[in-house]
Amino acid sequence: MRDPLSALSDAFTAFLFGKVETTRLPVRTSTGQAQAVYLPTAAPGLGDSGVIIGREVYSGKGYIYDPFQLYGQQLPAPHWLVLGESGNGKSALEKTYVLRQLRFRDRQVVVLDAQGEDGVGEWNLIAQELGLTPIRLDPTSALNGGIRLNPLDPAITTTGQLALLRTIIEVAMGRGLDERSGFALKVAHAYVNETITDRQPVLTDIVDQLRHPEPESAEAMNVDIDDVRAWGLDVALVLDRLVDGDLRGMFDGPTSFGIDLDAPLIVFDLSHIDRNSIAMPILMAIVGVWLEHTWIRPDRKKRIFLVEEAWHIINSPFVAQLFQRLLKFGRRLGLSFVAVVHHLSDVVDGAAAREAAAILKMASTRTIYAQKADEARATGRVLGLPRWAVEIIPTLTPGIAVWDVNGNVQVVKHLITEAERPLVFTDRAMTESSATDLLPEDVRAADLEAEQRAARIEHQQRLNESSESTVA
């Protein structure tokens, strides 16, 4: 028992000064029992200025993203990579993102639409809603009044024209031009530009000059005229494919009248082009250079260049180099490049692995939808994702993705308004749409509640792992 005098002294002291602290014995417990000490937390968002994407799954907070607002502070580059298998919501994200960006007056978007059915691309509905006509490149209709893009359009600088011609030839040949072939092309291009002044020069003019070079071109280098003709033969054969081969009509004439490069949304409909043919990277190269010299200019506009099926670009070393230059050039002019790819292995294991790595490095924003476990692990290694994010990717439901914005990794549920829904989920885009987003409202609400419940469980498991590692 305590000494009565000590008890009386403590009681008197407590009466005068209030209760005194008591010494408590230490309590031994497990991390599972002590987890209530660590209250659930969520990573901070990206600010409140920009485009609303949806809701951060763990906290329920709104998720807002805009590369132009974040550039220079939280983002070293405004470029964005979107990954994921079909049917998980990539298409819905792209379209709603563009529609919401276009609400800002200083925004302009170019889309390379490589997918579609029923004779039109996926973006046809959105273009119609905005009162715009897609630029539909189609070899079958080019000869009958279809759209043409002239690689020798005077709107492209002379240097740009020559660079474009070289890229087209290198893509088609699958190798770089040697010095002799490059010389033959250069002198043919120079002669055509100097002599044809009453109209737009066209590819046919280049082909004719390669087949019949001028004596002056040989004399300038003190070589025989037959040598110059031989050096340009392979180049002429490649360009002839654009003039009289399976790609004829699209590039062998003056640029079609009425193409509005000042419209807020420009859609290049490539759905009629065989995705697996050499035509697709050639077309990408032509559009890329054409945009670089006729569309991108320092006028304080913020531009978005969205490319679907982007592996057609990154898999070709020559086209990848072209777009790599475009990305570097665009950073000074407010250009955000958005590449949409199904699998990262499509590009990192391709022929242009080095160029692909450079482009991926410039993409400071990465959005990853559901992938198989092995693909998710490979993606995590290449992109440097945290372990918990890699583990959750195979379990993601449609519409939910892991967002990595320069190391700020969060899980985000993309939300779509009723006004956007008819434009986003079309019959032609069913392979990209989320089945849950097409259900009645009550079913969608129940599904969302289940997703949030699963997310809370996952979050708590991560907290437990963190606590256990701290105790250890």
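As the structure is a computational prediction, the values presented were derived from the model and not from experiment.

Caption draft 1: Spatial organisation of the sheet that holds strand S4 (residues 107-113). If you walk across this open sheet you meet the eleven strands as S2-S1-S13-S12-S11-S3-S10-S9-S4-S8-S7, and the pairing is mixed. The sheet is open, and its two edges are formed by strand S2 (62-65) and strand S7 (135-136), each paired on a single side. Pairing of S4 with strand S9 (residues 302-307) involves six bridges; the strand directions are parallel. Each bridged residue has a counterpart across the sheet, and for Gln108 the counterpart in S9 is Arg303. Sheet strands in contact with helix H4 (residues 90-101) are strand S1 (51-56), S2, strand S3 (79-83), S4, strand S8 (265-269), S9, strand S10 (335-341), strand S11 (363-368), strand S12 (400-405) and strand S13 (408-414), and its direction is about 135 degrees off that of S1.

Caption draft 2: Local environment of the environment of Leu327. Relative to the helices and strands, Leu327 is located in helix H14 (residues 317-331). If we skip the residues at most four places from it in the chain, Leu327 touches His79, Phe337, Ile359 and Met362.

Caption draft 3: Highlighting unusual backbone geometry. Its identity is not glycine, yet Asn406 carries a phi of approximately 55 degrees, on the positive side. By the secondary structure assignment, Asn406 is in the loop between S12 and S13.

Caption draft 4: Just the packing of helix H7 (residues 179-195) against helix H8 (residues 203-211), in detail. Here H7 crosses H8 at 125 degrees, and the two axes come no closer than 9 Å. In terms of axis orientation, H7 runs oblique to H8. As for how H7 packs across H8, the hand of that crossing is right-handed. Residue-level inspection shows Ala184, Leu185, Ala188, His189, Tyr191 and Val192 of H7 in contact with H8, the latter providing Asp205, Ile206, Gln209 and Leu210. Considering only residue class, the contact of H7 with H8 consists of seven nonpolar, two polar and one charged.

Conventions and cut-offs
- Residues numbered from 1 in each chain as written.
- Predicted model: local features only at pLDDT ≥ 70, side-chain atom pairs only at ≥ 80, totals over all residues.
- Heavy atoms only, no water.
- Pairing = 2+ DSSP bridges.
- Helix = DSSP H or I, 4+ residues; strand = E, 2+ residues; numbered from the N terminus.
- Contact = heavy atoms within 4.5 Å.
- Axes fitted to C-alpha atoms, helices over the stretch in contact; angles between N-to-C directions.
- Parallel < 35°, antiparallel > 145°, perpendicular 65-115°, else oblique.
- Left-handed = near helix turned anticlockwise from the far one by under 90°.
- Nonpolar A, V, L, I, M, F, W, Y, C, P; charged D, E, K, R; others polar.

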